[in-house]
Amino acid sequence: MSDYEQLHRQCRTLENLFDTKLTSYSQLSASISQSQDIEANGFSERWRDLETELDDLLEKLEETNEGLGTLSNTPELLSQSMLRAIQRHREVFQDNARELKRTKSSIKSALDQANLLNGVRNDIECVLLSASFVATNQHLTVLTNLLPPILCLQNEAE
């Protein structure tokens, strides 16, 4: 198998794998937006794992494209279809890099929004608990203030 065939096949495999992982990564963004608790659902860990895998795949794609680029420096050894395929792999790599950057930004926004909503939800719970405590405390104060006169009345009745 020639260098071109090997690099071309490797590039196609990496592109397909990258596309599959990027689709999962994009779907994670939608899932994060709909989730109540990011940590409990494991989104944070899955997000980091997928992002690392995509970064690694993109790096391998870049290396493979560089290898193909080196081959294209000697066009007399390659057919026109091979040169077009090399150019197409280069374009796919650039598209993948842009799409990953865009999706990372989307995921970050979804995580920020989910964290903000969790923070607000927690603040509301604290306020409600605090208000409940204050109401209970006021109720106890009223009862405590009423208790001595009631006891006096009871002692007088005896």
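Residues numbered from 1 in each chain as written. Predicted model: local features only at pLDDT ≥ 70, side-chain atom pairs only at ≥ 80, totals over all residues. Heavy atoms only, no water.

Caption draft 1: Spotlight on the overall build of the protein chain. Scanning the protein chain from N- to C-terminus turns up three helices and zero strands. Tracing the protein chain from N to C terminus, the helices and strands come up as α-α-α. The burial tally for the protein chain puts 27% of its 158 residues in the buried class. A sequence separation of at least 24 residues applies to 79% of the contacts in the protein chain between residues at least 6 apart. (Helix = DSSP H or I, 4+ residues; strand = E, 2+ residues; numbered from the N terminus. Buried < 20%, exposed > 50% of the residue type's maximum accessible area, 1.4 Å probe, protein only. Contact = heavy atoms within 4.5 Å.)

Caption draft 2: Spatial organisation of a negative patch on the surface. On the surface, a cluster of negative charge is contributed by Asp56, Glu59, Glu62, Glu63 and Glu66. For Glu59, the position within the fold is in helix α2 (residues 43-72). Taking relative accessible area as the criterion, Glu59 reaches 47% and is therefore assigned partly exposed. (Patch = residues over 30% accessible without salt bridge, like charges linked within 9 Å, V, L, I, M, F, W, Y side chains within 5 Å. Areas by Shrake-Rupley, 256 points an atom, 1.4 Å probe, with all protein chains shown as cover. Salt bridge = Lys/Arg side-chain N within 4 Å of Asp/Glu carboxyl O. Lys, Arg positive; Asp, Glu negative; His and termini not counted. Charge placed at Lys NZ, Arg CZ, Asp CG, Glu CD.)

Caption draft 3: Expanded view of the nonpolar core. Counting 26 residues, the largest nonpolar core has Tyr4, Phe18, Tyr25, Ile32, Leu68, Leu100 and Ile107 as its most contacted members. The set of elements that each furnish at least two residues to this core consists of α1 (3-34), α2 and α3 (80-157). With nine residues, the single largest contributor to this core is α1. Once residues lying within four places of it in the same chain are set aside, the contact partners of Phe18 are Leu54, Leu57, Leu58, Leu61, Asn96 and Leu100. (Core = buried A, V, L, I, M, F, W, Y, C linked by side-chain atoms within 4.5 Å.)

Caption draft 4: Here's a closer look at the pattern of salt bridges. On inspection of all chains with the given rule, the structure shows six salt bridges. Asp112 is the salt-bridge partner of Lys108, the closest N and O atoms lying 3.0 Å from each other. In this pair, Lys108 and Asp112 are both assigned in helix α3, four residues apart and thus about one turn of the helix distant. With relative accessibility at 48%, the residue Lys108 sits in the partly exposed group. Residue classification places Asp112 among the partly exposed residues on the basis of a relative accessible area of 40%.

Caption draft 5: Looking closely at the confidence of the model for the protein chain. Scored by pLDDT, the protein chain comes out at a mean of 80, with 72% of its residues at no less than 70. Looking over the protein chain, one finds the lowest element-wise mean pLDDT in α3, namely 76, and the highest in α2, namely 91. (pLDDT = per-residue confidence, 0-100.)

Caption draft 6: Fine view of the side chain of Thr64. Inspection of the secondary structure assignment puts Thr64 in helix α2. In this structure Thr64 comes out as buried when scored by relative accessible area, which is 3%. A polar contact of 2.8 Å, which involves the side chain of Thr64, links it to the backbone oxygen of Lys60. Beyond its immediate sequence surroundings of up to four residues, Thr64 is in contact with Leu7, Gln10, Cys11 and Leu14. (Polar contact = N/O pair within 3.5 Å; in protein donor to acceptor, adjacent residues only side chain to side chain.)

Caption draft 7: Region of interest: the side chain of His89. Inspection of the secondary structure assignment puts His89 in helix α3. Engagement of the side chain of His89 in a polar contact is seen with the side chain of His8, the distance being 2.8 Å. With residues up to four places along the chain from it excluded, the contact list for His89 reads His8, Cys11, Arg12, Glu15, Asn65 and Leu68.

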